[in-house]
Amino acid sequence: MRNKKGLAITSFIILILLVFLIYKRNVNLENTNLLMAVYNKYDFDVLQISNSGKAMINTKNMNFDEMETVLQSVLESLDIRGTLDISKKENEIRREYTISRSATDSETTVTIESVLEEENLASGVSSYKTFLSINIILYGQLDGTMYIQKKLKEIYGVFNTVPTTNITMAGSYNEKFDSKETKKLAEKILKSIKATAINEYETERLYSVYGYTNLIKDNIKVQGDHVNVNVAIRFNEYEQKTYLYLASPVISVDY
């Protein structure tokens with residue numbers, strides 16, 4: 001059992017290295033086959049890969065018709081078809097239009113929101129910012145991740161803007177890690193991407209650590225520290241599974 005755990009830990013570290021090297025260097029889509037081979041070889045169960053981006057696209061107070069035109073263009077670029085869920089919300093300071101689609105292997109949500117900048121109201125100036133948010137979750141697969149990252153770059157490039165992005169990977173093992181093994185795994189993951197642990201959080205069944213690495217350009221501030229990688233390991237007593245999450249900059253899914 002210990003050998004199996006050691007093999008699983010080694011495979012996960014190899015996986016992390018490959019994912020970040022591919023993400024950083026923008027390697028061709030075909031190289032994702034190598035990542036799938038790692039999963040298959042070491043029985044690492046892929047649960048989901050979440051890819052998201054958000055950026056300001058203009059300073060207009062867009063109406064719903066204008067928003068719909070942009071949304072349809074984004075959906076066409078992502079090749080999203082079929083039954084769509086539509087949501088429109090509006091109040092004195094915000095107008096929001098969301099289109100989403102759920103499928104067996106993915107979930108896509110695209111939102112445009114025009115927001116009134118309240119700090120300028122005192123001076124009698126009504127100024128707005130409009131944001132485009134895209135979130136795509138792939139279930140049980142990794143091979144579409146690089147394609148999605150490429151499409152996000154293309155979509156936001158149309159608006160001459162660079163989005164704030166997030167990628168969160170989640171997987172599981174059918175084994176339990178004790179506290180020592182859990183921390184050792186997290187440490188090895190951070191070390192494999194040359195990351196320094198910034199702060200950590202631990203409960204009886206969850207261990208989460210934030211880190212920073214020069215290999216990743218972007219970062220955010222968490223409690224005053226620069227962070228661009230987040231590792232969390234959680235054991236589910238009922239399912240008898242250990243769940244592992246790796247994200248840049250921080251985990252964006254419920255865990």
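The coordinates are above.
What counts as what
- Residues numbered from 1 in each chain as written.
- Predicted model: local features only at pLDDT ≥ 70, side-chain atom pairs only at ≥ 80, totals over all residues.
- Heavy atoms only, no water.
- Helix = DSSP H or I, 4+ residues; strand = E, 2+ residues; numbered from the N terminus.
- Buried < 20%, exposed > 50% of the residue type's maximum accessible area, 1.4 Å probe, protein only.
- Polar contact = N/O pair within 3.5 Å; in protein donor to acceptor, adjacent residues only side chain to side chain.
- Contact = heavy atoms within 4.5 Å.
- Expected span 1.5 Å × (residues − 1).
- Core = buried A, V, L, I, M, F, W, Y, C linked by side-chain atoms within 4.5 Å.
- Pairing = 2+ DSSP bridges.
- Phe/Tyr/Trp six-rings, centres within 6.5 Å; stacked < 30°, edge-to-face > 60°.
- Lys NZ or Arg CZ within 6 Å of the ring centre and 35° of its normal.

Draft legend 1. Summary view of the environment of Met56. Assignment of secondary structure puts Met56 in strand E1 (residues 45-58). The exposure class of Met56 is partly exposed, given its relative accessible area of 33%. With 107 residues separating them in the primary sequence, Met56 and Pro163 have C-alpha atoms 7.9 Å apart.

Draft legend 2. Representation of the environment of Leu246 within the structure. As for its position among the elements, Leu246 is in strand E12 (residues 241-248). Taking the relative accessible area as the measure of exposure, Leu246 reaches 2% and is therefore buried. Sequence separation between Leu246 and Ile167 is 79 residues; the distance between their C-alpha atoms is 8.3 Å.

Draft legend 3. Quick peek at the side chain of Glu113. Within the secondary structure, Glu113 is located in strand E4 (residues 106-116). Of note is the side chain of Glu113, whose polar atom sits 3.5 Å from the side chain of Lys54. A distance of 2.4 Å separates a polar atom in the side chain of Glu113 from a polar atom in the side chain of Arg94. Setting aside its immediate chain neighbours within four residues, Glu113 contacts Lys54, Met67, Arg94, Arg95, Glu96, Lys129, Thr130 and Phe131.

Draft legend 4. How the structure looks around helix H5 (residues 179-192). Between its first and last C-alpha, H5 extends 20 Å over 14 residues, near the 20 Å set by a 1.5 Å rise per residue. Considered for burial, the residues of H5 that qualify are Glu181, Thr182, Leu185, Ala186, Ile189, Leu190 and Ser192. Of the residues that open H5, the one with a side-chain oxygen 3.2 Å from the backbone nitrogen of Lys180 is Asp178.

Draft legend 5. Main features of the nonpolar core. Grouped together as the largest cluster of nonpolar side chains are 23 residues, with contacts concentrated most on Val74, Leu78, Val110, Ile112, Leu132 and Ile134. Mapped by element, the contributors of at least two residues to this core are E1, helix H3 (64-77), strand E3 (94-102), E4, strand E5 (128-139) and helix H4 (145-158). Examining the composition of this core, we find that 6 residues originate from one element, H3, more than from any other. Contacts of Leu78, omitting those with residues within four sequence positions, involve Thr108, Ile134, Ile136, Lys151 and Ile155. Grouped together as the second largest cluster of nonpolar side chains are 19 residues, Val46, Leu190, Val229 and Val231 included.

Draft legend 6. Quick look at the pairing of E1. As judged from the 9 bridges shared by E1 and strand E6 (residues 164-173), these two strands associate in the antiparallel manner. Within E6, the position partnered with Lys54 by the bridge is Thr164. In terms of strand pairing, E1 meets E5 through 10 bridges, oriented antiparallel. Bridging from a neighbouring strand, Gly53 pairs with Ile134 of E5.

Draft legend 7. Inspection of the packing of aromatic side chains at higher detail. Counted by the stated rule, this structure contains 2 aromatic pairs. Taking the centre distance of 5.7 Å and the plane angle of 40° together, the rings of Tyr173 and Phe177 count as tilted. Owing to a relative accessible area of 6%, Tyr173 belongs among the buried residues under this scheme. The exposure class assigned to Phe177 is buried, which follows from its relative accessible area of 7%. Positioned above the aromatic ring of Phe131, the side-chain terminus of Lys54 is 5.4 Å from the ring centre. The ring of Phe64 is capped by Lys88, whose NZ or CZ atom sits 5.4 Å from the centre of that ring.

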